[in-house]
Amino acid sequence: MELKRILLKLSGEALAGDAHHGFSDEEVTRVALEVKKVVDKGIQVGVVIGGGNFWRGRSSNEMDRVKADQIGMLATVMNCIYAADAFRRAGMKCRITSPYAIGDVTELYVRDKAIEYMEQGYVVFYAGGTSHPYVSTDMAAVLRAIETKCDAILSAKAIDGVYDSDPKVNPDAKKYDTMKMSDIVDQKLGVIDLASAVLAMENHMPMLLFGLSEKDSIVRAVSGEKIGTMVEA
């Protein structure tokens, strides 16, 4: 598959490195340098980052879910500000957009403007989720990828692909090299939320899930090397 425009979905936890919370300067810088190689290939890049290194709304059982999810959305804004700064230091032009403007921190997401930015060589960050509670940053990634006509979603996670069970619990868990989005939906595998998987499937948006911690994983992914799990829509 020739990739001209991609949506890179980064796990917040993966950006935290071994600390599992906050930021790892070393990890974020490494990611920025990898993305720079992708941009230098002429590939247009949009980025969605999860907020799990700071907050997971769905795990806050004592709190109103809407308010908890709003905190999660703001966590993704912090992640995008931090990552965008690292990307700029690596030599890239960046724009941070969100569904709601936050002073001079972000600008309001407009689909046509986001495409125009990418065509001009900017890396466009989509912060703040979809602005709605009860949906994850997986949904934001799939939605923005479809809206901006990306060729694929590259989902870089703390785990190196899709397994038939949790490899942390089951040492005999089987890793899939390729599969269909309908398999994720039918088997409820949980690597992305089901609503996001259905949206991707209905709009024929393929997704590659791979481990962010692997050496040059992002560059290898856009180069067509067989890493992670290729999920065909």
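What comes next concerns the included structure. (Residues numbered from 1 in each chain as written. Predicted model: local features only at pLDDT ≥ 70, side-chain atom pairs only at ≥ 80, totals over all residues. Heavy atoms only, no water.)

1. Notes on unusual backbone geometry
Step number 1: Residue Tyr134 is not a glycine yet carries a positive backbone phi of 70°.
Step number 2: Examined against the element boundaries, Tyr134 turns out to sit in the loop between strand E5 (122–126) and helix H5 (137–147).
Step number 3: The phi angle at Lys188 is positive, at roughly 50°, despite the residue not being glycine.
Step number 4: When you line up the elements, Lys188 lands in the loop between helix H6 (181–187) and helix H7 (194–202).
Step number 5: Of the residues examined, Lys188 reaches a relative accessible area of 63% and is grouped as exposed. (Helix = DSSP H or I, 4+ residues; strand = E, 2+ residues; numbered from the N terminus. Buried < 20%, exposed > 50% of the residue type's maximum accessible area, 1.4 Å probe, protein only.)

2. Things to note about the pattern of salt bridges
Step number 1: Evaluation of the coordinates by the stated rule reveals 16 salt bridges.
Step number 2: Close ionic contact of Arg95 with Glu107 constitutes a salt bridge, the shortest N to O distance being 3.4 Å. Taken as a pair, Arg95 in strand E3 (residues 93–98) and Glu107 in strand E4 (residues 107–108) lie far apart in primary sequence, 12 residues in all.
Step number 3: In this structure Glu107 comes out as partly exposed when scored by relative accessible area, which is 24%.
Step number 4: The salt bridge involving Arg220 is made with Glu214; its shortest N-O contact spans 3.7 Å.
Step number 5: What makes Glu214 partly exposed here is its relative accessible area of 25%. (Salt bridge = Lys/Arg side-chain N within 4 Å of Asp/Glu carboxyl O.)

3. Re the packing of aromatic side chains
Step number 1: Applying the stated rule across the entire model yields 5 aromatic pairs.
Step number 2: Note on Phe23 and Phe54: the rings are 5.2 Å apart at their centroids and 75° apart in plane angle, and the pair reads as edge-to-face. Placement of Phe23 in the loop between helix H1 (12–15) and helix H2 (25–40) and of Phe54 in the loop between strand E2 (44–49) and helix H3 (65–89) is noted, with a sequence separation of 31 residues between them.
Step number 3: For Phe23, a relative accessible area of 28% gives the class partly exposed.
Step number 4: Among the aromatic residues, those joined into a ring-pair cluster are Phe23, Phe54 and Tyr82.
Step number 5: Above the ring of Tyr122, the side-chain terminus of Lys93 is found at 4.5 Å from the ring centroid.
Step number 6: Cation over ring: Arg95 sits above Tyr122, and NZ or CZ is 5.1 Å from the ring centre. (Phe/Tyr/Trp six-rings, centres within 6.5 Å; stacked < 30°, edge-to-face > 60°. Lys NZ or Arg CZ within 6 Å of the ring centre and 35° of its normal.)

4. Things to note about the environment of Ser165
Step number 1: On the secondary structure map, Ser165 appears in the loop between strand E7 (162–163) and strand E8 (175–176).
Step number 2: Overall, the relative accessible area of 27% leaves Ser165 in the partly exposed class.
Step number 3: As for Ser165 and Leu189, which are separated by 24 residues in sequence, their C-alpha atoms are 7.6 Å apart.
Step number 4: Polar contacts involving the side chain of Ser165 include one to the side chain of Asp164, which spans 3.5 Å. (Polar contact = N/O pair within 3.5 Å; in protein donor to acceptor, adjacent residues only side chain to side chain.)

5. Some points on the nonpolar core
Step number 1: Within the largest apolar cluster, 39 residues are counted, with the highest numbers of intra-cluster contacts made by Val47, Phe87, Phe125 and Leu154.
Step number 2: Of the residues forming this core, the biggest block, 6 residues, is contributed by H3.
Step number 3: Filtering out sequence-adjacent residues up to four positions away, Phe125 remains in contact with Val47, Ile49, Cys80, Ala83, Ala84, Phe87, Cys94, Arg95, Ile96 and Thr97.
Step number 4: Judged by nonpolar contacts, the second largest core, of 30 residues, contains Leu7, Tyr109, Val142 and Ala200. (Core = buried A, V, L, I, M, F, W, Y, C linked by side-chain atoms within 4.5 Å. Contact = heavy atoms within 4.5 Å.)

6. Some remarks on the sheet that holds E2
Step number 1: Taken in spatial order, the 9 strands of this open sheet run E4-E3-E5-E2-E1-E6-E10-E11-E9, and their pairing is mixed. Both outer strands of the open sheet, E4 and strand E9 (178–180), are each paired with one neighbouring strand and no more.
Step number 2: As paired strands, strand E10 (residues 207–211) and strand E11 (residues 229–232) are joined by 3 bridges and run antiparallel to one another. The residue bridging Met207 from the neighbouring strand is Val231, located in E11.
Step number 3: Contacting strand E1 (5–10), E2, E3, E4 and E5, helix H4 (residues 111–119) crosses the sheet at an angle of about 145° to E5. (Pairing = 2+ DSSP bridges. Axes fitted to C-alpha atoms, helices over the stretch in contact; angles between N-to-C directions.)

7. Focus on the side chain of Asn53
Step number 1: Topologically, Asn53 is positioned in the loop between E2 and H3.
Step number 2: You can call Asn53 buried: its relative accessible area is 0%.
Step number 3: In this structure the side chain of Asn53 is engaged in a polar contact, spanning 3.0 Å, whose partner is the backbone oxygen of Gly22.

8. Section: the side chain of Thr229
Step number 1: On the secondary structure map, Thr229 appears in strand E11.
Step number 2: Look at Thr229 and you get buried, because its relative accessible area is 0%.
Step number 3: A polar atom in the side chain of Thr229 sits 2.8 Å from the backbone nitrogen of Val162.
Step number 4: For Thr229, the residues in contact, after removing those within four places along its chain, are Gly161, Val162, Lys175, Tyr176, Asp177, Thr178, Met179, Met207, Leu208 and Leu209.

None of this, on its own, says anything about what the molecule does.
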